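What the coordinates show
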Amino acid sequence: MAQKSQRHDQGHDWQRERRHGRLRPVDLARAHGLSTQAVRNYEETGILPASDRTPHGYRVYTALHGDALAAFLALVPGHGHGTAAAIMRRVNEGSPDEAFRLIDESHAQLLGDRRALQGAERALRDLAPDTASGKADGGPGRDMPKVGTSGQLAPPAPLFIGPLAASLDIQPATLRKWERAGLVTPGRDPLTGYRVYDATAVRDARLTHQLRRGGYLLEQIAPLIAQVRTAGGVAPLAAALTAWHARLATRGRALLSGAAALNAYLDARG
């Protein structure tokens, strides 16, 4: 009888709460396709504002909690789970300026990614052979590739470090630094032991040079060089660059959607 009376009292609790526009954890969870445990976890970690409790100790949510949950879920695709959670905690703690700073950092990161993509595209365009001028690798004074006995273009002769550095207008020490960073991988002349740069190493050096001129750090250049090597050259990267554009566009839209949802939550908070 006592258990039946308790369930009866709990039922009256929720009838009163619903008349006042209150929501149970399961109501909030179902509205957003989540589990009730996820909703409780979000509250406990500060993503949602603290809930009220019924006389029997059950959580009671409101439309404001729904707005907070909608804002968080909209922020995640553009900012990532960790940053989205931090943004919501700052808002709920009454520190919107700190939340805005986190949002600015995500936008700055996206802008940096866009600039990196633009730099990569420029660098790859600059790597196109200038056959009209007779300079296959773009360096000064280089001859057109020779035609072998089979009628195929013979690969260009390897370069020593001095001529390659001169063609790029840099110091040999710079090429050695790029080698230590894993950006350029020369071979060794079997007779002298000097560094020799084949067509692949020359390509990597030129790409690194173009990106450095664009202000990119060596650690920022390394992933692109690795991608070029994996693709087997520059030409196969066209699809990768197109996919990169698509990812940036998707993230940009996600940041806009997150901002709109967060703004609605801020308006609801008053």
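Attention here is on the structure that accompanies the text. (Residues numbered from 1 in each chain as written. Predicted model: local features only at pLDDT ≥ 70, side-chain atom pairs only at ≥ 80, totals over all residues. Heavy atoms only, no water.)

1. Digging into the nonpolar core
Ranked by size, the top nonpolar core spans 31 residues in total, and within it Leu164, Leu175, Trp178, Tyr197 and Leu207 carry the most contacts. Of all the secondary-structure elements, those providing two or more residues to this core are helix H6 (96-126), helix H7 (161-168), helix H8 (172-180), helix H9 (199-213), helix H10 (218-231) and helix H11 (237-269). With residues up to four places along the chain from it excluded, the contact list for Leu164 reads Leu159, Leu175, Tyr197, Val202 and Ala205. Grouped together as the second largest cluster of nonpolar side chains are 26 residues, Val39, Ala84, Ile103 and Tyr265 included. (Core = buried A, V, L, I, M, F, W, Y, C linked by side-chain atoms within 4.5 Å. Buried < 20%, exposed > 50% of the residue type's maximum accessible area, 1.4 Å probe, protein only. Helix = DSSP H or I, 4+ residues; strand = E, 2+ residues; numbered from the N terminus. Contact = heavy atoms within 4.5 Å.)

2. Description of a positive patch on the surface
A cluster of basic residues, Arg176, Lys177, Arg180 and Arg212, forms a positive patch on the protein surface. If you tally residues by element for the positive patch, the top one is H8, at three residues. Take Arg180: it is sitting in helix H8. Residue Arg180 is classed as exposed on the basis of its relative accessible area, which comes to 67%. (Patch = residues over 30% accessible without salt bridge, like charges linked within 9 Å, V, L, I, M, F, W, Y side chains within 5 Å. Areas by Shrake-Rupley, 256 points an atom, 1.4 Å probe, with all protein chains shown as cover. Salt bridge = Lys/Arg side-chain N within 4 Å of Asp/Glu carboxyl O. Lys, Arg positive; Asp, Glu negative; His and termini not counted. Charge placed at Lys NZ, Arg CZ, Asp CG, Glu CD.)

3. Remarks on the environment of Phe72
With respect to the helices and strands, the residue Phe72 is situated in helix H4 (residues 63-79). If near-sequence neighbours (up to four positions away) are discounted, Phe72 is found in contact with Tyr42, Ile47, His81, Ala84, Ala85 and Met88.

4. Thoughts on unusual backbone geometry
A positive phi is found at Asp169, a non-glycine position, where the angle reads about 60°. Position of Asp169 among the secondary structure elements: in the loop between H7 and H8.

5. Notes on the side chain of Arg59
Secondary-structure assignment places Arg59 in strand S2 (residues 59-60). Residue classification places Arg59 among the buried residues on the basis of a relative accessible area of 13%. There is a polar contact of 2.9 Å between the side chain of Arg59 and the side chain of Glu43. A distance of 3.3 Å separates a polar atom in the side chain of Arg59 from a polar atom in the side chain of Glu44. (Polar contact = N/O pair within 3.5 Å; in protein donor to acceptor, adjacent residues only side chain to side chain.)

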